[in-house]
Amino acid sequence: MSSRILIVDDEALLVKGLKYSLEQDDYEVDAAYDGKEALEKAQKQRYDLIILDLMLPGMDGLEVCQKIREKSQVPIIMLTAKGEDINKILGLEYGADDYLTKPFNILELKARIKAILRRVSAQDTKVGEQVIKVDDFTINTLGRKVTVGGKEINLTAKEFDLLLLLATNPGKVFTREELLEIIWGYEYFGDLRTVDVHIRRLREKIEKDSNNYEYILTKWGVGYYFRSTPK
(Lines give C-alpha, C1' and ligand atoms only; values in the text may rest on other atoms or scores of the structure.)
Protein backbone atom coordinates (compact mmCIF):
# COMPACT_ATOMS: atom_id res chain seq x y z
CA MET A 1 0.00 0.00 0.00
CA SER A 2 1.32 3.44 -0.93
CA SER A 3 2.19 5.89 1.81
CA ARG A 4 -0.02 8.98 1.98
CA ILE A 5 1.64 12.38 2.24
CA LEU A 6 0.08 15.79 2.87
CA ILE A 7 1.95 18.83 1.52
CA VAL A 8 1.08 22.13 3.22
CA ASP A 9 2.42 25.23 1.47
CA ASP A 10 0.92 28.38 -0.03
CA GLU A 11 3.32 28.34 -3.00
CA ALA A 12 1.22 26.67 -5.67
CA LEU A 13 4.12 26.01 -8.05
CA LEU A 14 6.21 24.41 -5.32
CA VAL A 15 3.29 22.21 -4.27
CA LYS A 16 2.66 21.20 -7.87
CA GLY A 17 6.30 20.26 -8.40
CA LEU A 18 6.58 18.32 -5.13
CA LYS A 19 3.32 16.51 -5.75
CA TYR A 20 4.38 15.42 -9.22
CA SER A 21 7.84 14.30 -8.05
CA LEU A 22 6.56 12.32 -5.07
CA GLU A 23 3.83 10.68 -7.13
CA GLN A 24 6.55 9.40 -9.46
CA ASP A 25 7.80 7.44 -6.45
CA ASP A 26 4.31 5.95 -5.94
CA TYR A 27 3.31 8.10 -2.98
CA GLU A 28 -0.30 9.21 -2.67
CA VAL A 29 -0.10 12.98 -2.30
CA ASP A 30 -2.67 15.49 -1.07
CA ALA A 31 -2.21 19.25 -0.70
CA ALA A 32 -3.38 22.12 1.48
CA TYR A 33 -2.56 25.79 0.94
CA ASP A 34 -3.17 27.30 4.38
CA GLY A 35 -3.19 26.25 8.01
CA LYS A 36 -6.94 25.90 8.39
CA GLU A 37 -7.25 23.63 5.36
CA ALA A 38 -4.29 21.57 6.60
CA LEU A 39 -5.90 20.97 9.98
CA GLU A 40 -9.22 20.00 8.42
CA LYS A 41 -7.55 17.46 6.16
CA ALA A 42 -5.31 16.10 8.92
CA GLN A 43 -8.36 15.52 11.10
CA LYS A 44 -10.46 13.87 8.40
CA GLN A 45 -7.83 11.80 6.59
CA ARG A 46 -5.06 9.45 7.66
CA TYR A 47 -1.61 10.48 6.47
CA ASP A 48 1.70 8.69 6.91
CA LEU A 49 3.69 11.94 6.79
CA ILE A 50 3.09 15.69 6.55
CA ILE A 51 5.38 18.22 4.83
CA LEU A 52 4.54 21.53 6.51
CA ASP A 53 5.75 25.00 5.54
CA LEU A 54 6.46 27.36 8.42
CA MET A 55 5.15 30.52 6.74
CA LEU A 56 1.46 30.11 5.95
CA PRO A 57 -1.33 32.68 5.58
CA GLY A 58 -3.53 33.01 8.64
CA MET A 59 -2.41 30.21 10.93
CA ASP A 60 1.35 29.65 10.67
CA GLY A 61 3.10 26.30 10.51
CA LEU A 62 4.11 26.30 14.17
CA GLU A 63 0.49 26.60 15.32
CA VAL A 64 -0.63 23.97 12.81
CA CYS A 65 2.08 21.62 14.04
CA GLN A 66 1.12 22.18 17.66
CA LYS A 67 -2.57 21.52 17.00
CA ILE A 68 -1.84 18.36 15.01
CA ARG A 69 0.34 17.11 17.85
CA GLU A 70 -2.57 17.40 20.27
CA LYS A 71 -4.26 14.47 18.53
CA SER A 72 -1.73 12.76 16.27
CA GLN A 73 1.84 11.42 16.19
CA VAL A 74 2.06 11.54 12.38
CA PRO A 75 5.64 12.39 11.32
CA ILE A 76 6.05 16.06 10.31
CA ILE A 77 8.84 17.58 8.22
CA MET A 78 8.91 21.36 8.64
CA LEU A 79 10.02 23.62 5.77
CA THR A 80 11.76 26.84 6.82
CA ALA A 81 13.33 29.75 4.94
CA LYS A 82 17.09 30.02 4.71
CA GLY A 83 18.73 31.54 7.78
CA GLU A 84 15.73 31.16 10.12
CA ASP A 85 17.68 29.12 12.68
CA ILE A 86 15.43 30.07 15.57
CA ASN A 87 12.37 28.89 13.65
CA LYS A 88 14.01 25.54 12.94
CA ILE A 89 14.45 25.00 16.65
CA LEU A 90 10.93 26.26 17.36
CA GLY A 91 9.59 23.78 14.82
CA LEU A 92 11.21 20.93 16.72
CA GLU A 93 9.99 22.36 20.03
CA TYR A 94 6.43 22.40 18.70
CA GLY A 95 6.64 18.74 17.71
CA ALA A 96 8.12 18.52 14.21
CA ASP A 97 10.25 15.42 13.60
CA ASP A 98 12.57 17.04 11.12
CA TYR A 99 13.13 20.25 9.17
CA LEU A 100 14.49 21.23 5.78
CA THR A 101 15.65 24.67 4.67
CA LYS A 102 14.34 26.28 1.48
CA PRO A 103 15.51 26.11 -1.21
CA PHE A 104 16.14 22.37 -0.89
CA ASN A 105 17.14 19.49 -3.12
CA ILE A 106 14.18 17.24 -3.88
CA LEU A 107 16.46 14.19 -3.57
CA GLU A 108 17.35 15.19 -0.02
CA LEU A 109 13.68 15.61 0.84
CA LYS A 110 12.91 12.17 -0.60
CA ALA A 111 15.78 10.66 1.39
CA ARG A 112 14.41 12.12 4.60
CA ILE A 113 10.88 10.95 3.82
CA LYS A 114 12.12 7.41 3.17
CA ALA A 115 14.20 7.37 6.34
CA ILE A 116 11.25 8.43 8.49
CA LEU A 117 8.71 6.09 6.87
CA ARG A 118 11.14 3.17 6.94
CA ARG A 119 11.75 3.57 10.66
CA VAL A 120 8.05 3.90 11.48
CA SER A 121 7.23 0.90 9.30
CA ALA A 122 9.94 -1.19 10.94
CA GLN A 123 8.48 -0.44 14.36
CA ASP A 124 4.93 -1.18 13.24
CA THR A 125 5.77 -4.56 11.68
CA LYS A 126 7.73 -6.00 14.57
CA VAL A 127 6.25 -9.29 15.74
CA GLY A 128 5.26 -9.54 19.36
CA GLU A 129 5.16 -7.03 22.15
CA GLN A 130 8.03 -5.72 24.20
CA VAL A 131 7.36 -3.91 27.43
CA ILE A 132 10.16 -2.02 29.16
CA LYS A 133 9.55 -1.07 32.78
CA VAL A 134 11.62 1.11 35.07
CA ASP A 135 9.86 1.99 38.32
CA ASP A 136 6.53 3.54 37.20
CA PHE A 137 7.88 4.21 33.69
CA THR A 138 6.65 1.88 30.89
CA ILE A 139 7.34 1.64 27.15
CA ASN A 140 5.12 -0.60 25.02
CA THR A 141 6.76 -1.19 21.64
CA LEU A 142 3.77 -2.84 19.97
CA GLY A 143 1.46 0.12 20.47
CA ARG A 144 4.32 2.64 20.59
CA LYS A 145 2.93 3.87 23.88
CA VAL A 146 4.69 5.37 26.88
CA THR A 147 3.20 5.75 30.33
CA VAL A 148 4.54 7.43 33.44
CA GLY A 149 2.70 6.74 36.68
CA GLY A 150 -0.14 5.15 34.69
CA LYS A 151 -0.60 8.26 32.53
CA GLU A 152 -0.02 7.92 28.79
CA ILE A 153 2.50 10.37 27.36
CA ASN A 154 2.05 11.65 23.81
CA LEU A 155 5.36 11.40 21.93
CA THR A 156 6.22 12.19 18.32
CA ALA A 157 7.61 9.39 16.15
CA LYS A 158 11.18 10.65 16.54
CA GLU A 159 10.81 11.16 20.29
CA PHE A 160 9.57 7.59 20.68
CA ASP A 161 12.39 6.17 18.55
CA LEU A 162 14.97 8.14 20.51
CA LEU A 163 13.56 7.07 23.86
CA LEU A 164 13.31 3.43 22.79
CA LEU A 165 16.94 3.37 21.63
CA LEU A 166 18.16 4.80 24.93
CA ALA A 167 15.91 2.64 27.10
CA THR A 168 16.86 -0.61 25.33
CA ASN A 169 20.53 0.19 25.89
CA PRO A 170 20.56 1.23 29.57
CA GLY A 171 23.85 2.66 30.74
CA LYS A 172 25.26 3.01 27.22
CA VAL A 173 26.31 6.55 26.41
CA PHE A 174 25.43 7.73 22.89
CA THR A 175 27.09 10.80 21.42
CA ARG A 176 24.86 13.27 19.65
CA GLU A 177 26.52 12.31 16.37
CA GLU A 178 25.63 8.65 16.95
CA LEU A 179 22.04 9.51 17.78
CA LEU A 180 21.71 11.57 14.60
CA GLU A 181 23.06 8.71 12.51
CA ILE A 182 20.95 6.00 14.16
CA ILE A 183 17.63 7.82 14.61
CA TRP A 184 17.58 10.24 11.69
CA GLY A 185 19.42 7.88 9.35
CA TYR A 186 21.32 10.44 7.25
CA GLU A 187 23.91 13.17 7.49
CA TYR A 188 22.60 16.18 9.38
CA PHE A 189 25.50 18.46 8.49
CA GLY A 190 26.61 18.83 12.09
CA ASP A 191 23.41 20.41 13.41
CA LEU A 192 23.53 18.68 16.78
CA ARG A 193 20.89 21.00 18.25
CA THR A 194 18.27 18.66 16.81
CA VAL A 195 19.25 15.97 19.31
CA ASP A 196 19.37 18.44 22.20
CA VAL A 197 15.88 19.72 21.40
CA HIS A 198 14.41 16.22 21.24
CA ILE A 199 16.13 15.22 24.49
CA ARG A 200 14.80 18.34 26.18
CA ARG A 201 11.27 17.63 24.95
CA LEU A 202 11.49 14.03 26.16
CA ARG A 203 12.63 15.13 29.57
CA GLU A 204 9.80 17.65 29.82
CA LYS A 205 7.33 14.86 29.12
CA ILE A 206 8.68 11.97 31.20
CA GLU A 207 10.82 13.40 34.00
CA LYS A 208 9.18 14.33 37.29
CA ASP A 209 11.80 16.84 38.43
CA SER A 210 13.51 19.13 35.92
CA ASN A 211 16.35 19.66 38.40
CA ASN A 212 16.95 15.98 39.10
CA TYR A 213 16.52 13.68 36.10
CA GLU A 214 15.67 10.04 36.82
CA TYR A 215 15.67 8.45 33.37
CA ILE A 216 17.56 10.28 30.61
CA LEU A 217 20.93 11.33 31.96
CA THR A 218 23.82 13.35 30.56
CA LYS A 219 27.46 12.27 30.42
CA TRP A 220 29.01 15.71 30.27
CA GLY A 221 31.20 16.24 27.26
CA VAL A 222 30.11 12.93 25.74
CA GLY A 223 26.38 12.44 25.24
CA TYR A 224 23.19 10.95 26.69
CA TYR A 225 22.20 7.63 28.27
CA PHE A 226 19.29 5.91 29.99
CA ARG A 227 19.59 5.03 33.67
CA SER A 228 20.78 1.44 34.12
CA THR A 229 20.12 0.87 37.82
CA PRO A 230 17.24 1.62 40.22
CA LYS A 231 17.36 5.13 41.63
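Residues numbered from 1 in each chain as written. Predicted model: local features only at pLDDT ≥ 70, side-chain atom pairs only at ≥ 80, totals over all residues. Heavy atoms only, no water.

Peer 1: Go over helix 3 (residues 61-69), please, and point to the residues and values.
Peer 2: Within helix 3 the residues assigned to the buried category are Gly61, Leu62, Val64, Cys65, Ile68 and Arg69. The buried residues of helix 3 all sit within an arc of 165 degrees when viewed along its axis, so they share a single face. Measuring from the backbone nitrogen of leucine 62 back to the side-chain oxygen at the start of helix 3 gives 3.2 Å, which picks out aspartate 60 as the cap. (Buried < 20%, exposed > 50% of the residue type's maximum accessible area, 1.4 Å probe, protein only. Helix = DSSP H or I, 4+ residues; strand = E, 2+ residues; numbered from the N terminus. Arc of directions from axis to C-beta. Polar contact = N/O pair within 3.5 Å; in protein donor to acceptor, adjacent residues only side chain to side chain.)

Peer 1: Describe in detail the side chain of arginine 203, supporting the description with residues and values.
Peer 2: Within the secondary structure, arginine 203 sits in helix 8 (residues 193-206). For arginine 203, the side chain forms a polar contact with the side chain of threonine 218, separated by 2.7 Å. Setting aside residues up to four positions removed in sequence, arginine 203 forms contacts with Tyr213, Ile216, Leu217, Thr218 and Tyr224. (Contact = heavy atoms within 4.5 Å.)

Peer 1: Any details on the nonpolar core? Residues and values, ideally.
Peer 2: Phe137, Ile139, Val146, Leu163, Leu179, Ile216 and Phe226 are the most contacted members of the largest nonpolar core, which totals 29 residues. With seven residues, the top contributor of residues to this core is helix 6 (residues 157-167). (Core = buried A, V, L, I, M, F, W, Y, C linked by side-chain atoms within 4.5 Å.)

Peer 1: Tell me about the pairing of strand 6 (residues 131-134), and name the residues and values.
Peer 2: It is a general feature of regular strands that their side chains alternate between the two faces of the sheet. Only one face of strand 6 is buried: it carries Ile132 and Val134, and the other face, with Val131 and Lys133, is open. As paired elements, strand 6 and strand 7 (residues 137-140) share four bridges and run antiparallel to each other. Paired with valine 131 across the strands is asparagine 140, a residue of strand 7. Count of turn residues in the strand 6/strand 7 antiparallel hairpin: two residues, of which aspartate 135 carries a positive phi of about 55 degrees. (Pairing = 2+ DSSP bridges.)

Peer 1: Tell me about the domain arrangement of the protein, residues and numbers included.
Peer 2: Partitioning the protein into structural domains gives domain 1 (4-122) and domain 2 (131-226). Distance between the C-alpha centres of domain 1 and domain 2: 23 Å. Facing the 19 residues of domain 1 at the interface are 20 residues of domain 2. Summing both sides of the interface, domain 1 and domain 2 together bury roughly 1,900 Å²; the carbon and sulfur share of this comes to 44%. Applying the counting rule to domain 1 against domain 2 returns one salt bridge. Between arginine 200 and glutamate 93 there is a salt bridge, with its nearest N and O atoms 2.1 Å apart. (Domains from an automatic or database assignment. Buried area = accessible area lost by both parts, 1.4 Å probe. Salt bridge = Lys/Arg side-chain N within 4 Å of Asp/Glu carboxyl O.)

Peer 1: Which residues make up the packing of aromatic side chains, and what values do they have?
Peer 2: Inspection of every chain in the model, using the stated rule, returns three aromatic pairs. Seen from their ring centres, phenylalanine 137 and phenylalanine 226 are 5.9 Å apart, and the 50 degrees between their planes marks the pair as tilted. Here phenylalanine 226 lies in strand 12 (residues 223-226) and phenylalanine 137 lies in strand 7, a separation of 89 residues in the sequence. Pair check on accessibility: phenylalanine 137 and phenylalanine 226 agree, each one buried. Relative to phenylalanine 226, the ring of tyrosine 215 has its centre 6.1 Å away and its plane inclined at 20 degrees; by these criteria the two rings are stacked. In this pair, tyrosine 215 sits in the loop between helix 8 and strand 11 (216-219) while phenylalanine 226 sits in strand 12, placing the two residues 11 residues apart along the sequence. Through a chain of ring-to-ring contacts, three or more aromatic side chains come together here, namely Phe137, Tyr215 and Phe226. (Phe/Tyr/Trp six-rings, centres within 6.5 Å; stacked < 30°, edge-to-face > 60°.)

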